Amino acid sequence: MNTAGPPGPTDSDGLDLIPFRGVRYVPERVGSLAAVTSPPYDVVVRPDGLHHLESADPHNIVRLILPQAVSPDTRNALAADTLRRWLSEGILAPDEIPALYVYEQRDGDHLQRGVIGALRLSEPSEGVVLPHEDVMPHVVADRAGLMRATAANLEPLLLTYRSAGNATGTTAVIERTVKRPPLLATTTEDGFAHRLWSVTDPAELAEIRADLAHHQALIADGHHRWATYLRLRSEQPSPTPWDFGLVLLVDTARYPLRVRAIHRLLHRLPVPDALAALKGSFRVREVPGPLSRALDALADAAAHGNAFLLAGTGSFHLADTPSPDLLARTIPADRPEAWRTLDATVLHSTLLEHVWRIPEDAPEHIAYIHDAAATVAKAERDGGTAVLMHPVREEVVRDLARQGVTMPRKSTSFGPKPATGLVLRTLSD
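Residues numbered from 1 in each chain as written. Predicted model: local features only at pLDDT ≥ 70, side-chain atom pairs only at ≥ 80, totals over all residues. Heavy atoms only, no water.

Q: I'd like a rundown of the overall build of the protein, residues and numbers included.
A: If you tally the helices and strands in the protein, you get 15 helices and 21 strands. Over its C-alpha atoms the protein spans a radius of gyration of 22 Å, differing by no more than 12% from the 22 Å that the globule rule assigns to 429 residues. Seen through its principal axes, the protein has C-alpha atoms that stretch 65 × 45 × 45 Å. In the protein, 79% of the contacts between residues at least 6 apart in sequence involve partners at least 24 apart. Once the 44 positive and 53 negative side-chain charges of the protein are each reduced to a mean point, those two points are 1 Å apart. (Helix = DSSP H or I, 4+ residues; strand = E, 2+ residues; numbered from the N terminus. Rg over C-alpha atoms; globule rule 2.2 N^0.38 Å. Contact = heavy atoms within 4.5 Å. Lys, Arg positive; Asp, Glu negative; His and termini not counted. Charge placed at Lys NZ, Arg CZ, Asp CG, Glu CD.)

Q: Requested: an account of the nonpolar core, with residues and values cited.
A: As a rule of thumb, nonpolar side chains are buried together in soluble globular proteins. Grouped together as the largest cluster of nonpolar side chains are 113 residues, with contacts concentrated most on Tyr25, Ile116, Leu159, Trp226, Leu249, Phe308 and Trp356. The element best represented in this core is helix H13 (residues 343-355), accounting for 6 residues. Ignoring sequence-local partners within four residues, the contact set of Trp356 consists of Leu266, Leu269, Ala274, Ala277, Leu278, Leu310, Leu347, Leu351 and Val387. Judged by nonpolar contacts, the second largest core, of 19 residues, contains Leu291, Leu309, Ile369 and Ala386. (Core = buried A, V, L, I, M, F, W, Y, C linked by side-chain atoms within 4.5 Å. Buried < 20%, exposed > 50% of the residue type's maximum accessible area, 1.4 Å probe, protein only.)

Q: Before we move on, can you summarise helix H8 (residues 223-234) with the specific residues and values?
A: Under the 1.5 Å per step criterion, the end-to-end length of H8 is 17 Å for 12 residues, consistent within 8% with the ideal 16 Å. By the burial criterion, the buried members of H8 are His223, His224, Arg225, Trp226, Thr228, Tyr229, Leu230 and Leu232. (Expected span 1.5 Å × (residues − 1).)

Q: Which residues make up the environment of Leu64, and what are the values?
A: Mapped onto the fold, Leu64 is located in helix H3 (residues 62-65). Residue classification places Leu64 among the buried positions, given a relative accessible area of 1%. Sequence separation between Leu64 and Asn76 is 12 residues, and the spatial gap between their C-alpha atoms is 8.6 Å. Those residues in contact with Leu64 that lie beyond four places of it in its chain are Ala79, Thr82, Leu83, Trp86, Leu92, Leu146, Leu154 and Leu424.

Q: Mind laying out the pairing of strand S4 (residues 100-107), listing which residues take part and the relevant values?
A: With 6 of 8 residues buried, S4 is to be regarded as a mostly interior element. Sheet analysis places S4 next to strand S10 (residues 193-199), joined by 7 bridges and oriented antiparallel. Along S10, the bridge assignment pairs Leu100 with Val199. The pairing of S4 with strand S5 (residues 110-120) spans 7 bridges and is antiparallel. For Asp107, the partnering residue across the bridge sits in S5 and is His110. Two successive antiparallel strands, S4 and S5, enclose a turn made up of 2 residues, where Gly108 displays a positive phi of approximately 65°. (Pairing = 2+ DSSP bridges.)

Q: Got a sec to walk through the environment of Asp81? Specific residues and values, please.
A: Inspection of the secondary structure assignment puts Asp81 in helix H4 (residues 72-88). In the structure, Asp81 is positioned 193 residues away from Ala274 in sequence and 45 Å away in space, judged by C-alpha atoms.

Q: So, the packing of helix H6 (residues 169-177) against helix H7 (residues 202-212): which residues are in play, and what are the values?
A: The geometry of H6 relative to H7 is characterised by a closest axis approach of 7 Å and an angle of 145° between their N-to-C directions. Note on element contacts: H7 touches H6 through Glu204, Glu207, Ile208, Asp211 and Leu212, opposite Gly169, Thr170, Ala172, Val173 and Arg176. Its residues assigned to classes, the contact of H6 with H7 shows 4 nonpolar, 2 polar and 4 charged. (Axes fitted to C-alpha atoms, helices over the stretch in contact; angles between N-to-C directions. Nonpolar A, V, L, I, M, F, W, Y, C, P; charged D, E, K, R; others polar.)

Q: Hey, could you go over the packing of aromatic side chains for me, with residue numbers and the actual values?
A: The tally for this structure, following the rule as stated, stands at 4 aromatic pairs. Taking 6.3 Å as the distance between ring centres and 50° as the angle between the ring planes, the aromatic pair formed by Tyr25 and Trp86 counts as tilted. With Tyr25 in strand S2 (residues 23-25) and Trp86 in helix H4, the pair connects residues that are 61 residues apart, well separated along the chain. Taking relative accessible area as the criterion, Tyr25 reaches 3% and is therefore assigned buried. Positioned over the ring face of Tyr41 is Arg143, at 4.0 Å from the centre of the ring. The ring centre of Trp339 lies 4.4 Å from the NZ or CZ of Arg335, which sits over that ring. (Phe/Tyr/Trp six-rings, centres within 6.5 Å; stacked < 30°, edge-to-face > 60°. Lys NZ or Arg CZ within 6 Å of the ring centre and 35° of its normal.)

Q: Explain unusual backbone geometry to me, and be specific about the residues and the numbers.
A: Each neighbour pair has its own omega, and for Ser238 with Pro239 the value is 0°, a cis peptide bond. Residue placement: Pro239 occurs in the loop between H8 and strand S12 (244-251). A cis amide bond, omega 5°, links Gly289 with the succeeding residue Pro290. Relative to the elements of secondary structure, Pro290 occurs in the loop between strand S15 (283-287) and helix H10 (291-302). The phi torsion at Ala151 lies on the positive side, around 50°, for a residue other than glycine. Looking at the element boundaries, Ala151 is found in the loop between helix H5 (137-150) and strand S7 (152-153). Phi is positive for Arg357, close to 55°, though the residue is something other than glycine. Of note, Arg357 is situated in the loop between H13 and strand S18 (366-369).

Q: Could you give an account of the pairing of strand S8 (residues 157-161), naming the residues involved and the relevant values?
A: Counted residue by residue, S8 has 5 buried out of 5 residues, so it is predominantly covered. Burial along S8 is two-sided: the residues Leu157, Leu159 and Tyr161 and Leu158 and Thr160 are all buried. Pairing analysis gives 3 bridges linking S8 to strand S11 (residues 217-221), with the strands arranged antiparallel. Residue pairing across strands places Leu158 opposite Asp221, the latter belonging to S11.

Q: How would you sum up the pattern of salt bridges? Please name residues and give values.
A: All told, the structure shown has 24 salt bridges when counted by the stated rule. With a shortest N-O distance of 3.2 Å, Arg233 and Glu123 are connected by a salt bridge. Taken together, the residues Arg233 in helix H8 and Glu123 in the loop between S5 and strand S6 (129-130) connect sequence positions 110 residues apart. We note a salt bridge from Lys417 to Asp221, for which the minimum N-O separation is 3.1 Å. Pair noted here: Lys417 is in the loop between strand S20 (413-415) and strand S21 (425-426) and Asp221 is in strand S11, with a separation of 196 residues, a long-range link. When sorted by exposure, Lys417 lands in the same class as Asp221, which is buried. Each of Glu155, Asp221, Arg225 and Lys417 takes part in salt bridges that share partners, so that together they form one network. (Salt bridge = Lys/Arg side-chain N within 4 Å of Asp/Glu carboxyl O.)

This is the structure:
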């Protein structure tokens, strides 16, 4: 394979993953690899988690993905200057030759392995990379400004595909590669062990590329960054490095992902007001804590229909059994049944829009937080309402995506997510 530049399209209409010169931290120049990594930008709980990461190491990757300044332009310029400085000072350095990267995450008995590379971009209509959630325009604009300024893909998206489950093609390369010494190994404070290997052998690169060319992928995590990739590609004359975007591809036939919910924090809606507005339209009852016990009650209720757990005053309230008449008036009827019965659909179309009248695209009104405990803590501290969700099954997500039906934004959280900071892709190289 010619790795001097982006190869041409494959003969297939499937995935086209190419090697790139990964930019990585130089271990001798930082306190530890664990101290410079971060969760993806939208998982960092701000300001608490942001301050924690910034204090972990002066070179933590959060200074690139979430730069802190008053205006967006200033933030983006700060990130670009920081990236250039870290490269010039040898804090970060590009690998000598283009590679694909085998990436492993392990947490107790849970093992996930995949391949990081530069994936040729495609529109949803092409059916190669399937989105399953809507995106918020202001988030895409924010990420586009950052990527445009830094000319870099700072963190890989998480995409999944499904093989026949055999140890052939990409899986065969992965299983051979993990027997070799890794480029890096570290354990982050969340308990996950991470290892990374490079794949540079032309025959192995060709084996992976030929295999993936017969697959389509589902965006598990990173819808806003994928939409950002597409926006930035449209701004560039082709061919260009912007025709590709940094991704982690995981075969869920071999390595099933965990699917968790993304919770909502309603900044300006106190819990008593939220509960009062539900009278007559939902069954509402207090359930005992602690949080883990209340989440069990949510799971039991969600097995029988739409259910939500509200918190923010030190107690927990379960809202379930919505009025059929209310759902009929508020849920669009032109979508599949699987979409109309999603908790996220009922939350956005019924609760946010009609019952609570909260604009879902306004950050001053609503925040999306992955951790249930963090959502509850912020609601209790700020006087808002935490709305805790139950996760959607992966099969439902994939079936809707194949029908071309997108779920409400922030409906799911697939994981484990790749750690940010282990390998970056600069587009100016």
